[in-house]
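# Coordinates in review
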Amino acid sequence: RNPTSSDLSPVHEGGRIQFRKMESEINRGDGTGGGELGNPSAAAGEDTLSETAGSEVSQTFTSFVAEASQIKELISSLTSVEQNARRVCVIIDKYQEQPQLLDPHLESMIQPLVEHLRDGASLTSPQLFSVCSILYIIAKVRGFKTVIKFFPHNVSDLEPCLALLSAQDAADHEKWEIRYILLLWLAILVIIPFSLDTVDSSNKAAAPGQTANDESVGLIDRIVNVCKTCLSEASKTRDAAAYVLAQLLTRPDMEDSTLVVFLHWSMEQLSSSSSNQFLITGVQSALAHIFKHGARQSMLDKIPIVVGILHEDASATRTSLQRLYTCKLAQRLGLTYLPARVATWRYNRGHRSLLDNLRGKAPGAAAATIEPSEDGGEDEEDDSFVPVEIDYVVDLLLKALQDRDTVVRWSAAKGIGRITARLPRHLGDEVVSAVMDCFASDAPQVNSWHGGCLALAELARRGLLLP
């Protein structure tokens, strides 16, 4: 049958043109056109066909976001009519199920907005809120890691962005989108490949009692202070502040100075009875992000500062988010203890081919195997690289498998799978046996059974359940 426009993939323009050429060759070779040799005008019309196909691809591309032109028009007049922001947010919000459809238009939508953001000092408060509201909706639908790639990352934007962020009122809970977007912008600015001391126009360190709004405070301390303030908020700004701290403090020039100071401050907040619950959640989130982004060799000597978390009772934590971040931090401490390695004893599914079966090959020719160790089996029994703290990590994760919240059980199951993949075989078998104990109770709990099933599924996915 002749293909219609719905049969053509709009993802790649070259694929559309190639399909059109193939269709043209088929029509010429079916006896009606005489083929390419019998039709000298075929080659002459090839260029025109390519140009037509290219324009059709652009039209098809745009049709997936029918309101693309309307969004761009509303954004262009955003600073004069703030009501346009609400209309743009309603349109973009419809693409949450398939956010990848926005990818061809992200740059054209974000660039005008960030240009307004760079002139944030000249914008009124309603205009700045409208710009940041649209950027937040785009980040929510498509993901902030995709959106911040289109943010400007010039060195000259670092201090103006921080100044604009410091000028915001943290007590204004109705305009938290402004602080959230500025923190996301700051997250990409702090990883510039230059020493931040050379960018700092003040070149001064913070003194006790000084805040981020004090111009006499150094640039690095101002960033840390404003992020500490945002960690105590009960909104998305807390997550963005934790991400900024992870990007900043894991820089090579921060690991032996500012990072150590922040880790000590974090443990003081976690152990203090006067700290509010929102700040504790934010500190735990920041620590989990730091040990996720930090290099293992650099973070090994920082573990003793926060290792006390492994000896705390995670079930005594009040909120599910705090239990979740405790679980995440524990598994990332365990992954920092263990060197990155692929378990040589894992189950290898092998290469099964339906064609081999049809040819009548022996059924054992492509059977599943257990990968042998390159060290002749010595590596499977060598556990000298496994510190004793791993026992505390695994014990905490096993207890988290019985947590009352599914998100905590799921995180614990993934942590058990990741850590077991770096252990020797005999220690991996002990972890599997401990997971099986979740089903051995005379009066099993639903949470324990579900957590055990999640852990077994994660171990099987990684090939850590041997036949």
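Quick note: structure is the one above.
Residues numbered from 1 in each chain as written. Predicted model: local features only at pLDDT ≥ 70, side-chain atom pairs only at ≥ 80, totals over all residues. Heavy atoms only, no water.

## Overview of the packing of helix α19 (residues 320–337) against helix α23 (residues 406–420)
Counted only if it meets this: Angular values range over 0 to 180 degrees, each being the angle between N-to-C directions of two axes fitted as lines to C-alpha atoms, with helices fitted over their stretch in contact. A run of DSSP states H or I qualifies as a helix once it reaches four residues; a run of E qualifies as a strand once it reaches two. Both are numbered from the N-terminal end. If an angle is under 35 degrees, it is roughly parallel; if it is over 145, roughly antiparallel; if it lies from 65 to 115, roughly perpendicular; otherwise it is oblique. Contacts are assigned to residue pairs with any non-hydrogen atoms lying within 4.5 Å of each other.
The interhelical angle for the contact between α19 and α23, taken along N-to-C directions, is 5 degrees, at an axis separation of 9 Å. The angle between α19 and α23 places the two elements in the roughly parallel class. The residues of α23 that touch α19, namely those facing Ser320, Arg323, Leu324, Cys327, Lys328, Gln331, Gly334 and Leu335, are Val407, Val408, Ser411, Ala412, Lys414, Gly415, Arg418 and Ile419.

## Observations regarding the environment of alanine 241
In this structure, alanine 241 sits in helix α14 (residues 236–249). The spacing of alanine 241 and glycine 282 is 41 residues in sequence and 8.3 Å in space, taken between C-alpha atoms. Every residue in contact with alanine 241, bar those within four places of it in the chain, is listed here: Leu183, Cys227, Cys230 and Leu231.

## Points about the pattern of salt bridges
How we decide: Whenever a carboxyl oxygen of Asp or Glu lies within 4 Å of a side-chain nitrogen of Lys or Arg, that contact is scored as a salt bridge. Using a 1.4 Å probe on the protein chains alone, a residue whose accessible area is under 20% of its type maximum counts as buried, one over 50% counts as exposed, and one in between counts as partly exposed.
Under the defined criterion, the tally for this structure stands at 14 salt bridges. Here aspartate 256 and lysine 302 are joined by a salt bridge, their closest N and O atoms 3.7 Å apart. Linking aspartate 256 in the loop between α14 and α15 (258–271) with lysine 302 in the loop between α17 (296–299) and α18 (303–306), this pair joins segments that are 46 residues apart in sequence. A relative accessible area of 66% means that aspartate 256 is categorised as exposed.

## So, helix α5 (residues 68–76)
Since the α-helix turns once every 3.6 residues, residues separated by three or four places project in the same direction. Put simply, the test is: It is the directions from the helix axis to the C-beta atoms that the arc portrays.
Within α5 the residues assigned to the buried category are Ala68, Ile71, Leu74 and Ile75. The buried side chains of α5 occupy one side of the element, clustering within an arc of 125 degrees when seen end-on. Exposed and oriented more than 90 degrees from the buried face of α5 are Glu73 and Ser76.

## Describing the layout of surface pockets
The following threshold applies: Cavity means a closed set of points on a 1 Å grid over the protein atoms alone, one where a 1.4 Å probe fits but cannot get out, pocket means an open set with protein on both sides within 12 Å along at least 5 of 7 lines, and lining means a residue has an atom within 4 Å of a point. Grid points are joined across faces, edges and corners, and a volume is the space filled by probe spheres set on the points. Ten residue types, Ala, Val, Leu, Ile, Met, Phe, Trp, Tyr, Cys and Pro, are classed as nonpolar, four, Asp, Glu, Lys and Arg, as charged, and the remainder, Gly among them, as polar.
If you add up the space inside the largest pocket, you get close to 370 Å³. Around the largest pocket, the lining comprises 19 residues; the ones closest to its centre are Phe144, Lys145, Asp239, Tyr243 and His289. Those elements that place two or more of their residues in the lining of the largest pocket are α8 (125–142), α9 (144–147), α11 (176–189), α14, α16 (277–293) and α19. Of the residues forming the lining of the largest pocket, the biggest block, five residues, is contributed by α16. Classifying every residue of the lining of the largest pocket by side-chain character gives nine nonpolar, three polar and seven charged.

## Quick look at α11
Put simply, the rule reads: How far a helix is expected to stretch is found by multiplying one less than its residue total by 1.5 Å.
Look at α11: 20 Å from first C-alpha to last across 14 residues, which is about the 20 Å you get at 1.5 Å a residue. Within α11, 14 of the 14 residues are buried, which leaves the element mostly enclosed by the surrounding structure.

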